[in-house]
Amino acid sequence: MRTEFVSRQQVNLIPERLRKAEETDASKELTYYRWNLSEKKKFKPMNIMVVGAGGSYPAAIFAKYKLQREIKTAAKVEAVTPQTAVRILTQFNNVNFGEWNPKYDLVIGISYSGKTPDIKYVSDICQKGGFPFMLLTGAEKSTLSEIYSESDVMKIVSYFNPEDTTGKERGMISMISTLAPVVIFDDNYTSKLISENQQMLSAAESIVSNLNICDIAKAIKKYPIIHVFYEWDTLPMAADIESKFIESGISNVILNEKKNFSHGRYTSLYNQNFALVINLERYESCHVSEYDQKLSEFLKERCKEKAAQYIKIGKSCLETSEWNIYAMAMLPYLITSIGEELGIDISKPLKPFPSEAKPLFDYKGEF
């Protein structure tokens, strides 16, 4: 009998954790804070930077797409990693004699633990400049008192729920750290949304259970390379796939923008071995485009030739943010199942955090 990994126990808790996160006022607080900033600007379009490190970066990309749809509150939204944020903010300051970069009215940092050093460093830069920074976190506010002090320009939005008895999520890749912020960025917060997301998680688990996980895992063990094909509006899911598979140590991931793939990158499917192709499809007009049909046929043929596996993740007639929530809900079940077949408990690091890498993680300063 197979020993149940901690990762399986953790993934089974996702529906309850997500429900408890949604029951908090995080979504309302996030929306209200942005509304107040917009009101101070006399409702002029806001320019926002969203910052996410590691597993939170896909959530930052999702937030960018979600906020961009709000024409009245966001004129320009950028999703970046902390290093890029630091470069943008400090370089502009140096050029402009320490003045705050007028292109951004709000910086949002996403950190499940609330203690990510790189996110804290970005907030320090914002505080020195006296401009708004918001931390979106799954940590209880009181546990962050030694790190952050709330003020007019420093806001903590937490989706921690004291009634959540599932305990702290364990793992080198955080499954709820992506999904919870993604859902909370949907400001149409209703009890109906909670119900819909629970149905979404059940559907995601069912879809994964019908995949041939055993064959997928065997292919990955032989050639640990996954090709992901995405378009502009499916990038959040693509980024989440890349982050989770790489951080878990299961496989390397190569991201291919679909049309750009035709400009020479296709040679990788001929000259190199790989285990899996994941094709992300969103049908805005409820039918598959001619290009998607041709690409799908091409990818299936290449997989057949290389004895690789093929997965299509697609659903028609869903708005961009809805599609990404639907797709991202599948990933924890998929990667957990593959990990089990490979004997990898993704809730645990493959080895202790290497001491030689610690200074890189803790580094603060110029890049």
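The shown structure was predicted, so the numbers you read here are calculated from the model rather than taken from an experiment. (Residues numbered from 1 in each chain as written. Predicted model: local features only at pLDDT ≥ 70, side-chain atom pairs only at ≥ 80, totals over all residues. Heavy atoms only, no water.)

S.K.: Honestly, the overall build of the protein in this entry has me stumped. Any pointers?
M.R.: Per the secondary structure count, the protein includes 15 helices and nine strands. Burial status across the protein gives 51% buried among its 367 residues. (Helix = DSSP H or I, 4+ residues; strand = E, 2+ residues; numbered from the N terminus. Buried < 20%, exposed > 50% of the residue type's maximum accessible area, 1.4 Å probe, protein only.)

S.K.: Could you clarify how one ought to interpret the sheet that holds strand β8 (residues 276-283) in this entry?
M.R.: The strands making up a sheet associate through backbone hydrogen bonding, with each pair oriented either parallel or antiparallel. Strand order across the open sheet formed by four strands is β7-β6-β8-β9, with parallel pairing between neighbours. Bordering the open sheet on either side are β7 (252-257) and β9 (309-316), each of which pairs with just one other strand. Each neighbouring strand pair of the sheet contributes to a mean axis angle of 15°, computed without reference to strand direction. Here strand β6 (residues 225-230) runs beside β8; their pairing, made up of four bridges, is parallel. The residue of β8 that forms the bridge with V228 is I278. Lying over the sheet, helix α10 (residues 235-248) contacts β6, β7, β8 and β9, oriented at roughly 165° with respect to β7. Where helix α13 (residues 290-306) meets the sheet, it contacts β6, β8 and β9, and its direction lies at approximately 165° from that of β8. (Pairing = 2+ DSSP bridges. Axes fitted to C-alpha atoms, helices over the stretch in contact; angles between N-to-C directions. Contact = heavy atoms within 4.5 Å.)

S.K.: What is the right way to read the side chain of S337 from this model?
M.R.: Note that S337 resides in helix α14 (residues 320-342). Residue S337 is classed as buried on the basis of its relative accessible area, which comes to 13%. Apart from the residues lying within four places of it in its own chain, the contact partners of S337 are R8, V208 and I213.

S.K.: Help me understand the nonpolar core, please; the structure alone is not making it clear to me.
M.R.: Grouped burial of nonpolar side chains is what soluble globular proteins tend to show. Formed by 77 residues in total, the largest nonpolar core has its most connected members in L280 and I313. With 12 residues, the single largest contributor to this core is α14. The residues touching L280, leaving out its near neighbours within four places in the chain, are V228, F229, Y230, E231, T234, M237, A238, I241, K258, I313 and W323. Ranked by size, the runner-up nonpolar core spans 21 residues in total, among them Y104, C126, M154 and I156. (Core = buried A, V, L, I, M, F, W, Y, C linked by side-chain atoms within 4.5 Å.)

S.K.: Just checking my understanding: could you explain the environment of V80 for this structure?
M.R.: With respect to the secondary-structure elements, V80 resides in strand β2 (residues 76-80). On the accessibility criterion, V80 (5% relative accessible area) is buried. Expressed as a C-alpha distance, the spacing of V80 and Y57, which sit 23 residues apart in the sequence, is 7.5 Å. Apart from the residues lying within four places of it in its own chain, the contact partners of V80 are M49, V50, V51, G52, Y57, A85 and I88.

S.K.: I keep staring at α10 and nothing clicks. Help me out?
M.R.: A rise of 1.5 Å per residue sets the reference length of α10, with its 14 residues, at 20 Å; its end C-alpha atoms lie 20 Å apart and thus fit the reference within 8%. Judged by how many residues are buried, α10 sits mostly within the fold: 10 of 14 residues are covered. Along α10, the residues classified as buried are P236, M237, A238, A239, D240, I241, S243, K244, F245 and S248. Backbone geometry just after α10 places G249 at a positive phi near 80°. (Expected span 1.5 Å × (residues − 1).)

S.K.: Quick question: what am I supposed to make of unusual backbone geometry here?
M.R.: For A307, which is not a glycine, the phi torsion comes out positive at approximately 55°. Its place among the elements puts A307 in the loop between α13 and β9.

S.K.: How should I be thinking about the packing of aromatic side chains in this particular structure?
M.R.: The description of an aromatic ring pair uses the distance of the two centres, along with the angle that the planes make with each other. If you walk through the whole model with that rule in mind, you get four aromatic pairs. Aromatic side chains Y65 and W232 sit 4.4 Å apart centroid to centroid with 10° between the ring planes, which places their arrangement in the stacked category. Taken together, the residues span a long stretch of sequence, with Y65 in helix α4 (residues 57-68) and W232 in the loop between β6 and α10 at a distance of 167 residues. Aromatic pair F229 and F261: ring centres 4.7 Å apart, planes at 80°, arrangement edge-to-face. Here the residue F229 occupies a position in strand β6, and F261 occupies one in helix α11 (residues 258-261), the gap between them amounting to 32 residues. Of the residues examined, F261 reaches a relative accessible area of 3% and is grouped as buried. Here the aromatic residues F229, F261, Y270 and F298 are joined through ring pairs into a cluster of three or more. Lying across the ring of Y148, K120 places its NZ or CZ 5.7 Å from the centre. Over the ring of F298 we find R302, and its NZ or CZ is 5.2 Å from the ring centre. (Phe/Tyr/Trp six-rings, centres within 6.5 Å; stacked < 30°, edge-to-face > 60°. Lys NZ or Arg CZ within 6 Å of the ring centre and 35° of its normal.)

S.K.: Could you clarify how one ought to interpret the sheet that holds β2 in this entry?
M.R.: Across the sheet, which stays open at both edges, the five strands sit in the order β2-β1-β3-β4-β5 with parallel pairing between neighbours. Of all the strands in the sheet, just β2 and β5 (154-158) have a single pairing partner and so form its edges. With direction set aside, neighbouring strand axes in the sheet form an average angle of 20°. In this structure, strand β1 (residues 47-52) lies alongside strand β3 (residues 106-111), joined through five bridges in parallel fashion.

S.K.: I'm lost on the packing of α4 against α10 in this one. Help?
M.R.: Pairs of packed helices are described in terms of their axes, by the angle between the two and the distance that separates them. At a minimum axis separation of 8 Å, α4 and α10 run at an interaxial angle of 175°. What the angle tells us is that α4 and α10 run roughly antiparallel. On α10, the residues that touch P58, I61, F62 and Y65 of α4 are L235, P236, A239, D240 and S243. Taken together, the residues that form the contact of α4 with α10 break down as seven nonpolar, one polar and one charged. (Parallel < 35°, antiparallel > 145°, perpendicular 65-115°, else oblique. Nonpolar A, V, L, I, M, F, W, Y, C, P; charged D, E, K, R; others polar.)

S.K.: What exactly am I supposed to notice about the packing of α4 against helix α7 (residues 176-184) here?
M.R.: The contact between α4 and α7 brings their axes to 8 Å, and the two run at 15°. The orientation of α4 relative to α7 falls into the category roughly parallel. By crossing handedness, the relation of α4 to α7 is classed as right-handed. From α4, P58, A59 and F62 reach across to α7, where they touch S177, T178, P181 and V182. When its residues are assigned to classes, the contact of α4 with α7 shows five nonpolar, two polar and no charged. (Left-handed = near helix turned anticlockwise from the far one by under 90°.)

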